[in-house]
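Take a look at the letters that make up each chain.
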Amino acid sequence: MSKNAEVKCPNCKEVFKVDDSVYTDIVKQVRDQQFQDELNNRLEIAHREKQSALQLKEAELKNAFQELLAQKQSEIDVLKAKSKSELIQEVSKKDNAIKDLESKLQQAETAKQLALQTAVSRIEKERDQVINDLKAKETEKALSEKSLKEQFNNKLVHKDEALKLKEEEIERLKDYKQKLSTKMVGESLEQHCETEFNKLRATAFQNAYFEKDNDASQGTKGDYIYKEKDVNGIEIISIMFEMKNENDQTATKKRNEDFFAKLDKDRNAKGCEYAVLVSLLEADNDFYNTGIVDVSYKYPKMYVIRPQFFIPIITLLRNAGMKSLQYKAELTMMRNQNVDITNFEEKINDFKKGFARNYDLASRQFGDAIKEIDKTMTHLQKTKDALLSSVNNLRLANNKAEDLTIKKLTRGNPTMKQKFEDL
């Protein structure tokens, strides 16, 4: 074919010029289309043949199946006719077995219900018993709680009563202690001592002088002066008293020793034989809490006492002064008269016995006071110690009296010594 070819359109009859390559493509396309059409035709024919073969085969299989089904149905009919009576018998046996089983099931159900009822009845009885036991326990618990509450309330009442009694006892002992220490509201230490003395002035101190020291002409003065003379006007005893009380609120605390020098100066200025400091200072000092404390190692014939020993110190010094005065009078009489020395010795012994008897009475009284304090309250131990110390001081005083002999009385007295030697 030439390089440029003409192609006529079959539809419009128009002629086109195409080159060889285009022409070749067109021819190829035509051939491919023809091949495809042929292939499609053949595939269609093969499909129709396949469908016809399938239908035929299906008809053959259906006929064969129908024949086989008819054969099996015939066999089933034969078998049904043959075993119908056997089947009826078998069904009857099965019905009887079912009835037997149902009867047994009913019996088992009845037995189960009976057992269940019995078990429920037993459980209900146990439950009721437990409930009753619980109620009894609760009742017992309530009664026990009520009893315990009553006992506790009774104990509380008794405890409150005992506590009230203890508080009253403590208050009483506090009041007693206050009276012992004279820390009484509205009453000073000086007023207390003066009141205590005036209680006995009319009976025990009829000839005594006890007044405030108002003479400050020498620049200082004490608080009270005690003096006593016999019927002949001879002085028995004289005491310069100084009273010192310090409240708990006082910022600056004083000591007893701070007043010794002034008290000794006042004693000498007023011509008193003894000096006594009545003090509430240094309340916790065991040395001064012993009762009557002799401080003559610092100043002659000086004592420090607590207020409860105000009357006892006067009595003690007064008795010693009276005995001393009696000795002086008897010695004067012996100088003036030729008396029997034996009587003098007997009187001295009488004095010893009397002093010992007074000591014994005082000791028993202090002992009773100590026992009473021991019974009531241990915190009054310091008061007990003070009383014990007072007894000890009295014992020392008694020992001094026991140690008083003719030899000691005549020491330094040549006149009496000569008379005794003559006897």
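Residues numbered from 1 in each chain as written. Predicted model: local features only at pLDDT ≥ 70, side-chain atom pairs only at ≥ 80, totals over all residues. Heavy atoms only, no water.

Draft legend 1. Local environment of the overall build of the chain. The number of helices and strands found in the chain is eight helices and eight strands. Looking at the chain residue by residue over its 423 residues, the buried ones come to 24%. Within the chain, residue pairs in contact and separated by at least 24 positions form 58% of the contacts whose partners lie at least 6 positions apart. Within the structure as shown, the chain displays about 30200 Å² of accessible surface, and the carbon and sulfur contribution to it stands at 53%. (Helix = DSSP H or I, 4+ residues; strand = E, 2+ residues; numbered from the N terminus. Buried < 20%, exposed > 50% of the residue type's maximum accessible area, 1.4 Å probe, protein only. Contact = heavy atoms within 4.5 Å. Areas by Shrake-Rupley, 256 points an atom, 1.4 Å probe, with all protein chains shown as cover.)

Draft legend 2. Structural detail: the side chain of Asp-264. The residue Asp-264 is located in helix α3 (residues 260–269) in this model. Within the structure, Asp-264 has its side chain in polar contact with the side chain of Arg-267 (distance 3.1 Å). Here Asp-264 is in contact with Tyr-299, Pro-300 and Met-302, once residues within four sequence places are set aside. (Polar contact = N/O pair within 3.5 Å; in protein donor to acceptor, adjacent residues only side chain to side chain.)

Draft legend 3. Inspection of the sheet that holds strand β6 (residues 274–279) at higher detail. The mixed open sheet is built from six strands, whose spatial order is β3-β4-β5-β6-β8-β7. Among the strands making up the open sheet, the edge pair consists of β3 (208–212) and β7 (292–294). Here the strands of the sheet are splayed against their neighbours by 20° on average, with no regard to which way each runs. Sheet analysis places strand β5 (residues 235–244) next to β6, joined by six bridges and oriented parallel. Among the inter-strand pairings, Lys-244 is bridged to a residue of β6, identified as Ser-279. Packed on one face of the sheet, helix α2 (residues 189–204) meets β3, β4 (224–229), β5 and β6 and runs near 160° to β3. Packed onto the sheet, α3 meets β5, β6 and β8 (302–305) and runs at close to 150° relative to β5. (Pairing = 2+ DSSP bridges. Axes fitted to C-alpha atoms, helices over the stretch in contact; angles between N-to-C directions.)

Draft legend 4. Spotlight on the pairing of β5. Where burial is concerned, most of β5 is hidden: eight out of the ten residues are buried. Direction of pairing for β4 relative to β5: antiparallel, over a ladder of six bridges. When the sheet's bridge partners are listed, Tyr-224 is paired in β5 with Phe-241. Linking β4 to β5, which pair antiparallel, is a turn of five residues; within it Gly-233 sits at a positive phi near 85°.

Draft legend 5. Spotlight on the pattern of salt bridges. A full pass over the atoms with the stated rule returns 14 salt bridges. Linking Arg-48 and Glu-44 is a salt bridge whose minimum nitrogen-to-oxygen distance equals 3.5 Å. One end of the pair is Arg-48 and the other is Glu-44, both in helix α1 (residues 20–181) and four residues apart, which spans about a single turn. Here Arg-48 falls in the partly exposed class, since its relative accessible area comes to 45%. What makes Glu-44 partly exposed here is its relative accessible area of 40%. One salt-bridge network, held together by shared partners, links Glu-242, Lys-244, Lys-262 and Asp-266. (Salt bridge = Lys/Arg side-chain N within 4 Å of Asp/Glu carboxyl O.)

Draft legend 6. Region of interest: a nonpolar patch on the surface. Nonpolar side chains collect at one region of the surface, where Val-22, Ile-26 and Val-30 lie side by side and expose about 210 Å² of accessible area between them. One can find Val-22 in helix α1. Given the relative accessible area of 36%, Val-22 is considered partly exposed. (Patch = residues over 30% accessible without salt bridge, like charges linked within 9 Å, V, L, I, M, F, W, Y side chains within 5 Å.)

Draft legend 7. Representation of the packing of aromatic side chains. On inspection of all chains with the given rule, the structure shows eleven aromatic pairs. When the ring of Phe-287 is compared with that of Tyr-288, the centres are 5.0 Å apart and the planes differ by 70°; the resulting orientation is edge-to-face. Here the guanidinium or amino end of Lys-301 rests over the ring plane of Tyr-274, the centre of that ring lying 5.3 Å away. (Phe/Tyr/Trp six-rings, centres within 6.5 Å; stacked < 30°, edge-to-face > 60°. Lys NZ or Arg CZ within 6 Å of the ring centre and 35° of its normal.)

Draft legend 8. Broad picture of the nonpolar core. If you look at the biggest cluster of nonpolar residues, it comprises 27 residues, and the most contacted ones within it are Tyr-226, Phe-241, Val-276, Val-278, Phe-310 and Ile-313. If you list the elements that add at least two residues to this core, you get α2, β3, β4, β5, β6, β8 and α4 (310–336). The greatest single-element share of this core, amounting to six residues, is contributed by α4. Counting twelve residues, the second-largest nonpolar core is a separate cluster that includes Met-240, Phe-260, Tyr-288 and Val-304. (Core = buried A, V, L, I, M, F, W, Y, C linked by side-chain atoms within 4.5 Å.)

Draft legend 9. Representation of the pairing of β4 within the structure. Summarising the sheet, β3 and β4 pair through five bridges and their orientation is antiparallel. Directly across from Lys-212, in β4, lies its bridge partner Tyr-224.

Draft legend 10. Spatial organisation of α2. Taking 1.5 Å per residue as the helical rise, α2 with its 16 residues ought to reach 22 Å, and the 22 Å between its terminal C-alpha atoms agrees with that figure. A bend of about 30° at Asn-198 is the largest found in α2. Buried residues of α2: Leu-189, His-192, Cys-193 and Phe-197, and no others. (Expected span 1.5 Å × (residues − 1). Bend = angle between axes of the 7 residues up to and from the residue.)

Draft legend 11. Main features of the side chain of Arg-267. Among the secondary structure elements, Arg-267 is positioned in helix α3. When sequence neighbours within four positions are dropped, the list of residues in contact with Arg-267 reads Met-240, Cys-272, Glu-273, Tyr-274, Ala-275 and Pro-300.

Draft legend 12. Quick look at unusual backbone geometry. Positive phi, normally seen in glycine, also occurs at Glu-282, with a value near 50°. Along the chain, the position of Glu-282 falls in the loop between β6 and β7. Judged by its relative accessible area of 23%, Glu-282 is partly exposed.

Draft legend 13. Here's a closer look at the confidence of the model for the chain. In this model, the chain carries a mean pLDDT of 76, and residues with pLDDT of at least 70 account for 69%. When mean pLDDT is compared element by element in the chain, β8 scores highest at 95, while helix α7 (residues 406–410) scores lowest at 60. In the predicted structure, residues 178–186 sits below a pLDDT of 50 and forms 19 contacts with residues beyond four places in sequence or in another chain. (pLDDT = per-residue confidence, 0-100.)

Draft legend 14. Spatial organisation of α3. Phe-260, Leu-263, Asp-264, Asp-266 and Arg-267 are the residues of α3 that are buried. For α3, the angular spread of buried residues about the axis comes to 160°, placing them on one side. Check the buried side of α3 and you find it contacts β5, β6 and β8. (Arc of directions from axis to C-beta.)

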